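Single-letter residue listing:
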Amino acid sequence: MKLEAGHVKLNVRVDSKIEAVRKAGEALVNCGNIKPAYIESMLNREKQANTFLGNGIAIPHGLSKDRKFILDTGITIMQIPSGVEWNPGEMVYLVVGIAARSDEHIEILKNLTHILDDKKLVQQLSTTQNIEDIISCLTGQKNSSQAVVRDRVLEDYEKFVDVKVDGAHGLHARPATVFVELAKQFKAFIHVRCGNKVADGKSLISLLKLGAGENADLRIMARGEDEDKALTILEAAILSGLEEKTGEAEENISEEIVHGWTPSEPVYTIQGLSASSGLALGLLYHFKQSKILLESTAKDPVVEEKRLHQAIVTAQSELEQIYQEVKVRSGVANAAIFKAHIEFLNDAQMIDDTIYHIQKGHSAGWSWQRVIKERVREMAGLNNSVLAARAVDLEDVGNRVLRHLAQVVDDDPFMPQQPVILVAEDLTPSDTASLDPGKILGFCTAAGGPTSHTAIIARSLGIPAIVGAGPAVLNCQDGAQVILDGTNANLYINPHKTDIKAAQNIQIILNDQRNSENKTRFEPAITTDNHRVEIAANIASAAEAEQAVNGGAEGVGLVRTEFLFLDRPEPPTQEEQYQAYSQMIKALGGLPLIIRTLDIGGDKNLPYLNLPPEDTSFMGMRGIRMCLAKTELFLPQLRAIYRAAQHGPVEIMFPMISTLEDLSAAKDIADQVRRKLGAPKIPFGVMIEVPSAVVLAEELAKEVDFFSIGTNDLTQYTLAMDRLHPLLAKQADALHPAVLRMIDRTVLAAKSAGIRVSVCGGVAADPKGARILIGLGVKKLSVSIPSVAAIKAQLRILSLSDAKNLARRALACRNAAEVRRLT
């Protein structure tokens, strides 16, 4: 690689580190080394690692996974005589921007390390007006000044691990930086020996002077209260390559680039709760709610009662139409809420209470509004976050009927001429379902929570969304330029043009990534060291089974059968269930189907069961407990499953198993059904969702053919945090070490018993989560249909050995934040 005059800029002025990195990136673009998208990668690297090399020199560069944006290996050098603060207390005078597809830049980095201790030479290079001084020094044509620096003698420690450095160039600047950043996380002293030299593991300069080249043997030593943990993690980091990749290896960007992005310039920011991930840019538009005017009294109760019934029938007809439209667009599971809305209108007591007010001389509209408000207030006050959130649904239904009873409806027409980002006090499910993704780029509401049906519908439509942002969002001006980051739940008002451009680049990157993943969705997920991981889909209907196959799934790892039971006045018949399961089997064409038996309770309730309310519904009559108590539901379902199993490979999975007694009872009932039908045996499995199941995993493994770990529930029960609570939801992270250790224990028990283990919870679709799960020994992941292609692509560029090292480091972390920071 040639370093020429055009790559060096003298007397550059910058006000911040961010500006310096951007200018270094722009110089690389101008030299034809990178695409503009790589600049964002350089900025993201600064959030993950320290690129301050020492003694006034910094080496900003992008993430390994973004090498696809490098056109040609090269570097650019900026001289900043006045200096720029890189980190608190660390000034930089020479910025060496790096774009490296392979290893041509290594020689220049080695020459940089030779001058790190030469303060006189660095000072000279930071003020020289001769470009050749810089070029000759960095290309090795000119020796550094003969300043002598005496190293302090460092001692060996009793606790150590021996490890060999991987990578073609050993422990050079980039991997050494990663090592130092990890070492600084521990209180223990860290020393590293290479041959007859010993370095301070928390000093980049000291570490680089070891001269640890290709396949160098290192002894990592530690002394202090967390010495054992430090040695474990540092050894794993070196074995995993310290972020080094060989050749043309690349990682998929996925959502991680969004997770790490924040504007580089100061901007007014409103934070809420994430309802639907993604990044949207556009002009802000305030949603105009309808104003309904009602007469309070009426002369003829008979006429008013008739108007009430007509309004209800009309509203039900509208809701049925919406249900059909949403079902086609987003699937039956997401449309189900509108069936529930129809059932709200069948509430005889609510209608009777309205008629009572009508007979007292009030209008139908006034009477209906009075009853709805009372019901909404009662529901919103329930000591259950999920049920309280349903108050919005009831209010939505009530307003739909009111529009047909009102004397005046002031509907401000909502027809934006260009795509916008919507802001509102709140959006009802009906409002959300009517949004056109072509016109609505994203939305942000002052109220609402992440468990609302509005949030669910936004996710199904692929619209980035934020909820619970507070009243401040309502004070923003129409037409303001905004960036809506649904992933991190931030709304940025009037951002700087550089940040708008950055966000646009990220959108391009993510779109390209999705297109690339989709093209390879039918290819298996085989790691770089030839280990296959099965990727299945989670579904809730026969239609989704076909979608799963078309999406690249290798089967169905979870059928949520409760959706056959929800939003209807009576349970489905055995024949209905048989037909549904048979259609799924037919759609899969021989691929495996795992049917979870009815999991009702907690956040899912069946009105026709007439169950008493429970303050702790997640720990009450739920899952297998409900099935054992309500055999009139359990037996028909089991019969339908065994009948359908004649048409293809089917397995039964029992939910919420917490004791051996529950499993034994469920198996006995299933076996009785099988014998009466004369059906062949089919595999049994259990969901591992509660801590007691993990503790009993060795015993449970002797009774079943497979485990499926439900990380959503396992997380909430392990951390004692309601995963649907609007304030706790963010903390209920499945990558918390406590949860990962539960998974690890379960996998070990399954392996010991020789049975399969899969994960069907949300963390399986998380890029980092998937890598850690594979490293823990999970052989199968079951994810939402849209996630299948992305996870397959993620795993194809992963080695199992890297995954194991990542998992080992994750288990040693103290909290979820530490796990998510792992590289």
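Each value, and the rule that gives it
Per-chain numbering applies: the sequence of each chain, read as written, is numbered from 1 onward. Predicted model: local features are reported for residues with pLDDT of at least 70 only, side-chain atom pairs are reported and counted for 80 or more only, and whole-chain, interface and lining totals are derived from all residues. Hydrogens and waters are ignored; side-chain quantities use all the structure's heavy atoms. Helix and strand definitions here come from DSSP, where helices need a minimum of 4 consecutive H or I residues and strands a minimum of 2 consecutive E residues; each element is numbered from the N-terminal end. Burial here depends on accessible area, computed with a 1.4 Å probe over protein chains only, as a share of the maximum for the residue type. Under 20% is buried, over 50% is exposed, and the range in between is partly exposed. All accessibility values rest on the Shrake-Rupley procedure with a 1.4 Å probe; residue burial counts only the protein chains present in the view. A strand pair is defined by DSSP finding two or more bridges across the two strands. Contact between two residues is taken to exist if any of their heavy atoms lie within 4.5 Å; hydrogens are not considered. Working convention: axes come from line fits to C-alpha atoms, limited for helices to the stretch in contact. Angles between N-to-C directions cover 0 to 180 degrees. Criterion for a salt bridge: a side-chain nitrogen of Lys or Arg within 4 Å of a carboxyl oxygen of Asp or Glu. What makes a nonpolar core is a set of buried Ala, Val, Leu, Ile, Met, Phe, Trp, Tyr and Cys residues whose side-chain atoms join them at distances within 4.5 Å. Here is the rule for angles: anything less than 35 degrees is roughly parallel, anything more than 145 is roughly antiparallel, 65 through 115 is roughly perpendicular, and the remaining ranges are oblique. In a left-handed crossing the near helix is turned counterclockwise from the far helix by less than a right angle, and in a right-handed crossing that turn is clockwise. In this count, Pro and Cys sit with the nonpolar residues alongside Ala, Val, Leu, Ile, Met, Phe, Trp and Tyr, while Asp, Glu, Lys and Arg are called charged and the others, Gly among them, polar. Given the number of residues in a helix, its expected span is that number minus one, multiplied by 1.5 Å. Aromatic contacts are taken between Phe, Tyr and Trp rings whose centres are within 6.5 Å, Trp giving its six-membered ring; a plane angle under 30 degrees counts as stacked, one over 60 as edge-to-face, and the others as tilted.

A. Inspection of the overall build of the protein chain at higher detail. Tallying secondary structure elements over the protein chain gives 31 helices and 28 strands in all. Within the protein chain, the proportion of its 823 residues that are buried is 55%. Total accessible area on the protein chain is roughly 34900 Å²; 50% of this is exposed by carbon and sulfur atoms.

B. A look at the sheet that holds strand β2 (residues 52–54). On the basis of which strands lie adjacent, the open sheet formed by five strands has the order β1-β4-β5-β3-β2 and mixed pairing. The outermost strands of the open sheet, each flanked by one partner alone, are β1 (8–9) and β2. Where strand β3 (residues 57–58) lies against strand β5 (residues 90–99), two bridges are found, and the strand directions are parallel. By the bridge assignment, Ile57 is partnered in β5 with Leu94. Running over the sheet, helix α1 (residues 17–30) touches β4 (74–87) and β5 and is turned about 165° from β4.

C. Just the environment of Ser203, in detail. Mapped onto the fold, Ser203 is located in the loop between β8 (197–200) and α7 (204–208). The class of Ser203 is partly exposed, set by a relative accessible area of 23%.

D. Focus on the pattern of salt bridges. One pass over the full model with this rule turns up 24 salt bridges. Arg22 is the salt-bridge partner of Glu40, the closest N and O atoms lying 3.4 Å from each other. One end of the pair, Glu40, is in helix α2 (residues 37–48); the other, Arg22, is in helix α1, and 18 residues separate them in sequence. A residue is classified by how much of its surface remains accessible, and Glu40, at 3% relative accessible area, is buried. Overall, Arg22 belongs to the buried group, its relative accessible area being 12%.

E. Structural view of the nonpolar core. Counting residues in hydrophobic clusters, the biggest one holds 100 residues, and the most contacted among them are Phe654, Phe707, Leu781 and Leu795. Ranked by size, the runner-up nonpolar core spans 49 residues in total, among them Ala100, Leu125, Ala188 and Leu218.

F. Expanded view of the packing of helix α8 (residues 227–239) against helix α30 (residues 800–811). Running from N to C, α8 and α30 cross one another at 160°; their axes reach a closest spacing of 9 Å. As the angle between them shows, α8 and α30 are arranged roughly antiparallel. Where α8 crosses over α30, the two elements pack in a sense that is left-handed. Residues Thr232, Ile233, Ala236, Ala237 and Leu239 of α8 pack against Asn805, Arg808 and Arg809 of α30. Here the residues of the contact of α8 with α30 are counted per class, giving four nonpolar, two polar and two charged.

G. Geometry of the sheet that holds β8. Here we have four strands laid out as an open sheet, ordered β6-β9-β7-β8, and antiparallel in their pairing. What marks the edges here is a single partner per strand, and that holds for β6 (159–164) and β8. Pairwise comparison of adjacent strand axes, ignoring direction, gives a mean angle of 25° for this sheet. Alignment of β6 against strand β9 (residues 217–223), held across six bridges, turns out to be antiparallel.

H. Focus on helix α15 (residues 391–403). End to end, α15 covers 19 Å across 13 residues, agreeing with the expected 18 Å (1.5 Å per residue, within 8%). Here α15 has its buried residues at Ala391, Asp393, Leu394, Asp396, Val397, Gly398, Arg400, Val401 and Leu402.

I. The packing of aromatic side chains, seen in detail. Following the criterion strictly, the structure yields two aromatic pairs and no others. Judged by centre distance (6.4 Å) and plane angle (65°), the rings of Phe634 and Phe654 are edge-to-face. Pair noted here: Phe634 is in helix α22 (residues 631–644) and Phe654 is in strand β24 (residues 650–654), with a separation of 20 residues, a long-range link. With relative accessibility at 0%, the residue Phe654 sits in the buried group. Counting every residue linked through ring pairs, the aromatic cluster contains Phe634, Phe654 and Phe684.

J. Region of interest: the pairing of strand β16 (residues 440–445). Within β16, five of the six residues are buried, leaving the element largely enclosed by the surrounding structure. Of the strand pairs in this sheet, strand β15 (residues 420–424) and β16 are connected by five bridges, and their pairing is parallel. For Ala424, the partnering residue across the bridge sits in β16 and is Thr445.

Purely geometric numbers; function is a separate question.
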